[in-house]
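Chain and residue survey
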Amino acid sequence: QVQPVESGGGLVQAGGSLRLSCTASGRTFSNYAMGWFRQAPGKEREFVATITTNGDSTYYADSVKGRFTISRDNAKSTVDLQENSVKPEDTAAYYCAATRENNSLYVHSLVYDYWGQGNQVNVSS
């Protein structure tokens, strides 16, 4: 079992950069595929990015591809989301999630077993 905890959110101007971090407590972090999701006010939670257990493969939503980068450090039990060239439409609460499924990349929120509390990112125009 792991418990994700996000940090690093805040206010950033459009075109700027922001780095979100997620620390997942638990001894078996490397057994979990990880993902980032986000939810804007009045909208459903949506997939942002995912990474395999060893970090060799990643997958992104079209809306963030080329701007966001997901990475992980299994030695530190962390997974990060680097956000570059942010846009006002990136404003949302960002959630880190872990899934016990570990053979692929996972984009559906129902696959994920453990969720962080969310961290707000606000992009000003």
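Look up: the structure comes first, before these words.
Everything numeric here is computed off the predicted structure, so don't read it as measured data.

**Considerations on the state of the cysteines**
One pass over the full model with this rule turns up one disulfide. Sulfur-sulfur distance for the disulfide between Cys22 and Cys96 comes to 2.1 Å. Its S-S torsion of approximately -80° makes the covalent link between Cys22 and Cys96 left-handed. Linking Cys22 in strand S3 (residues 18-25) with Cys96 in strand S9 (residues 92-99), this pair joins segments that are 74 residues apart in sequence. The exposure classification of Cys22 matches that of Cys96, with both residues buried.

**So, the pattern of salt bridges**
Tallying each qualifying case throughout the model produces six salt bridges. Arg38 serves as the salt-bridge partner of Asp90, at 2.9 Å between the closest nitrogen and oxygen. One end of the pair, Asp90, is in the loop between strand S8 (78-83) and S9; the other, Arg38, is in strand S4 (residues 33-39), with 52 residues separating them in the sequence. Each member of the pair, Asp90 as well as Arg38, carries the same accessibility label: buried. Two residues, Asp90 and Arg67, come together in a salt bridge whose shortest N-O distance is 2.8 Å. Here Arg67 lies in the loop between strand S6 (58-60) and strand S7 (68-73) and Asp90 lies in the loop between S8 and S9, a separation of 23 residues in the sequence. Assigned by exposure class, Asp90 and Arg67 land together as buried. Residues joined by salt bridges that share partners form a network here, namely Arg38, Glu46, Arg67 and Asp90.

**So, the sheet that holds S7**
Pairing is antiparallel across the open sheet formed by four strands, whose spatial order is S1-S3-S8-S7. Edge positions in the sheet fall to strand S1 (3-7) and S7, since each of these pairs with one other strand and no more. With direction set aside, neighbouring strand axes in the sheet form an average angle of 20°. Two elements, S7 and S8, share six bridges in a ladder whose sense is antiparallel.

The rules behind these values
- Residues numbered from 1 in each chain as written.
- Predicted model: local features only at pLDDT ≥ 70, side-chain atom pairs only at ≥ 80, totals over all residues.
- Heavy atoms only, no water.
- Disulfide = S-S within 2.5 Å.
- Helix = DSSP H or I, 4+ residues; strand = E, 2+ residues; numbered from the N terminus.
- Buried < 20%, exposed > 50% of the residue type's maximum accessible area, 1.4 Å probe, protein only.
- Salt bridge = Lys/Arg side-chain N within 4 Å of Asp/Glu carboxyl O.
- Pairing = 2+ DSSP bridges.
- Axes fitted to C-alpha atoms, helices over the stretch in contact; angles between N-to-C directions.

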